[in-house]
Amino acid sequence: MIIYFTGTGNSRFVAGRIAAATSDKLFDSALCIRKGEGADFTEPGDYVFVAPVYAAAPPLVFLDFIRRSRFPGDCHAYFVMVCAGSMGASPVYCRRAAEEKGLLYAGTAKVDMPQNYTAYFDVGTSSGNRRIIRAARPVIDGIASCIRGGRELPDLCVKMWMRVLTPLVLRPYYRFFVSAKQFRTNDRCVGCGKCTSLCPLNNIVMKERRPVWGSSCTHCMACINLCPADAIEYGRRTEGKRRYHGPDSLCMRKS
Ligand SMILES: Cc1cc2nc3c(=O)[nH]c(=O)nc-3n(C[C@H](O)[C@H](O)[C@H](O)COP(=O)(O)O)c2cc1C
């Protein structure tokens, strides 16, 4: 079973490619996260968790979903962190999440995919992003081959300063930076409502044909990047800046 969380589709792309190689089922954790619930997994076999890296760690909503879920005993737990260069202290959090659930930790791998944090960083050009995704494919295939062969993922060392620093900055980061307060629409908004269905936290509702953001944002950047009209801004800092429209928009050939 491959369980994923995604904002802009990179992690779904990675999870889908692993599933194609291992013939595992895919499960979108947002189906439960939207309801604030965990899931009751009963299938024996390996569990593969795929998620983006947020501030050097897995998204707290995803860790919370794992914590609330139930798993059968004696199953291996593989973690695949999808990032834009650094997965920081993620393996520390992944190991802890597995151990808390009685799963047999089988390692954390990293896949570099395009940057999607539009609110704070410049996202790449289409051609640059295509190149990144092309380079990610053999990495994903190597991970899938490990999983299919029942081997542990090679251990990636987490530097001591990263282990110490991440827990210190993570809570303040979520408290002071992660909020939907700065999201707004520009005059390109046609009130289509697509943002409401894109939000993995059900945090957007339509009022008078305009999106209104609630208080449970995790900064996944799905709304701002995947809006078909590029009609969402984050304060003033995203005005005139490129959006990342996700791997599907780049029309990547399958290979
Ligand atoms: C809130 C937030 C925090 C992020 N923090 C990191 C980070 O610490 N390291 C990193 O390499 N990429 C970071 N990124 C980039 C994403 O991890 C990366 O673009 C990922 O592929 C997005 O996956 P998704 O499309 O499945 O949401 C961050 C992105 C967001 C939105």
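Each residue is numbered by its place in its chain's sequence as written, counting from 1. Reporting in this predicted model follows two pLDDT cut-offs: at least 70 for local features of residues, and 80 or more for side-chain atom pairs to be given and counted; totals over whole chains, interfaces and linings ignore these cut-offs and use all residues. Heavy atoms throughout the structure, all of them, feed into the side-chain values; hydrogens and water do not.

1. Observations regarding the layout of surface pockets
Over the atoms rolls a probe the size of a water molecule, and its path tells where empty space is left.
Line of reasoning, step 1. Cavities and pockets are found on a 1 Å grid laid over the protein atoms alone: a cavity is a set of points where a 1.4 Å probe fits but cannot escape, a pocket is an open set with protein on both sides within 12 Å along at least five of seven lines, and a lining residue has an atom within 4 Å of such a point. Grid points are joined across faces, edges and corners, and a volume is the space filled by probe spheres set on the points. Roughly 450 Å³ of volume is contained in the largest pocket.
Line of reasoning, step 2. V53, Y54, A84, Q115 and Y117 are the residues nearest the centre of the largest pocket, which is lined by 25 residues in total.
Line of reasoning, step 3. Comment: elements are numbered from the N terminus, with helices defined as DSSP H or I runs of at least four residues and strands as E runs of at least two. For the lining of the largest pocket, the elements supplying multiple residues, two or more each, are helix 1 (10–22) and strand 4 (76–83).
Line of reasoning, step 4. For the lining of the largest pocket, the two domains that each supply at least three residues are domain 1 (2–161) and domain 2 (179–244). Each domain's limits were defined by an automated method or a database of domain assignments.

2. Let's talk about helix 4 (residues 90–100)
Count 3.6 residues to each turn of an α-helix, and residues three or four apart come out pointing the same way.
Line of reasoning, step 1. All buried positions along helix 4 are accounted for by S90, P91, V92, Y93, C94, A97 and A98.
Line of reasoning, step 2. On its buried face, helix 4 is in contact with helix 3 (60–68), strand 4, strand 5 (104–112) and helix 6 (160–176).
Line of reasoning, step 3. The first or second residue beyond helix 4 is G102, which carries a positive phi of 70 degrees. Exposed residues in this analysis have more than 50% of their type's maximum accessible area, buried residues have under 20%, and partly exposed residues fall in between, with area computed by a 1.4 Å probe over protein chains only. Residues count as neighbours in contact if any of their non-hydrogen atoms are within 4.5 Å of one another.

3. A short note on the packing of aromatic side chains
Line of reasoning, step 1. Each aromatic pair joins two rings of Phe, Tyr and Trp (for Trp, the six-membered one) with centres within 6.5 Å, and gets the label stacked for planes under 30 degrees apart, edge-to-face for over 60, and tilted for any other angle. Per the counting criterion, the structure on display carries 20 aromatic pairs.
Line of reasoning, step 2. On the basis of an interplanar angle of 35 degrees and a centroid distance of 6.4 Å, the ring pair of F5 and F62 is categorised as tilted. Pair noted here: F5 is in the loop between strand 1 (2–4) and helix 1 and F62 is in helix 3, with a separation of 57 residues, a long-range link. Side by side, F5 and F62 carry an identical accessibility label, which is buried.
Line of reasoning, step 3. Taken together, a centroid distance of 6.3 Å and an interplanar angle of 20 degrees make the contact between F62 and F65 stacked. With F62 and F65 both in helix 3 and three residues apart, this pair spans about one turn of that helix.
Line of reasoning, step 4. F62 sits in the buried class, given a relative accessible area of 2%.

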